[in-house]
Structure formats: C-alpha cells, structure tokens
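If you want the building blocks of each chain, they are given just below.
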Amino acid sequence: GRQERRKMLYLHLGGDVVVRPEDVIGIFDLDNTTASLHTRRLLSRAQKNGAVIAATDDIPRSVVLCTAGGQERVYLSLLSTAALLRRLDEEPWK
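Residues numbered from 1 in each chain as written. Predicted model: local features only at pLDDT ≥ 70, side-chain atom pairs only at ≥ 80, totals over all residues. Heavy atoms only, no water.

**Looking at the sheet that holds strand β6 (residues 71-77)**
Paired through their backbone hydrogen bonds, the strands of a sheet run either parallel or antiparallel.
Then, in step 1: The strand order β3-β5-β6-β4 describes an open sheet built from four strands, whose pairing is mixed. In this open sheet, the two edge strands, each paired with only one partner strand, are β3 (24-29) and β4 (52-54). Between one strand axis and the next, the sheet turns by 20° as a mean value, whatever way the strands run.
Then, in step 2: Note that β4 and β6 share three bridges and pair parallel. Note that in β6 the partner of I53 across the bridge is Y75.
Then, in step 3: The strands that helix α2 (residues 37-48) touches are β4, β5 (62-68) and β6; relative to β6, the one it contacts most, it runs at about 110°.
Then, in step 4: Against the sheet, helix α3 (residues 81-90) makes contact with β3, β5 and β6, and its axis sits at roughly 150° relative to β3, the strand it touches most. (Pairing = 2+ DSSP bridges. Helix = DSSP H or I, 4+ residues; strand = E, 2+ residues; numbered from the N terminus. Axes fitted to C-alpha atoms, helices over the stretch in contact; angles between N-to-C directions. Contact = heavy atoms within 4.5 Å.)

Here it is as structure tokens:
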C-alpha cells in the first residue's frame, strides 16, 4: 500500500542543531555575505547578545538567520546554502 510521509517539523543544520522551518528568515553563504558591512554588524551584534549558535566545530559555510518567540538567533552551519535550501524544498512542510 501507499505509505504516507510523516510531516517533518525541523530543519537539520548539522551536528545536533535543528530549527523549525517557519522560524527561518534567511540562509546566506558565509563567504559572500561577510564582505558586507551590514552582515558583519549583524554577526557582531548577535555574538554580543549570545545569539550565535555553531552547528559545527569546523569552518562554517553558511549563516542561517532565525527568529522564534521574538528572539533572533544566528546559526553557523557547515552545510552549504544550496544543501540547506534543498532540504527545505524536499521536506513535506511546504
């Protein structure tokens, strides 16, 4: 018979870090965005506020900006922006 896919409630960013897809504001390539003054300010502010969460011990490739309960969080992921966007597109929460 036909199996129904279970609805996924989280997006895996790497390591043991997951976020709810509806909390994702943006996914950015770290190499391209750190050249921007606005991005550097965002990362600096988030770090000062303790809002940066590393999903990897290695050099991160992407930044995932999220908000939940009125709090901003910045996740650093080893996964590429393409891989994270593909995961969002493949999951059945759409």
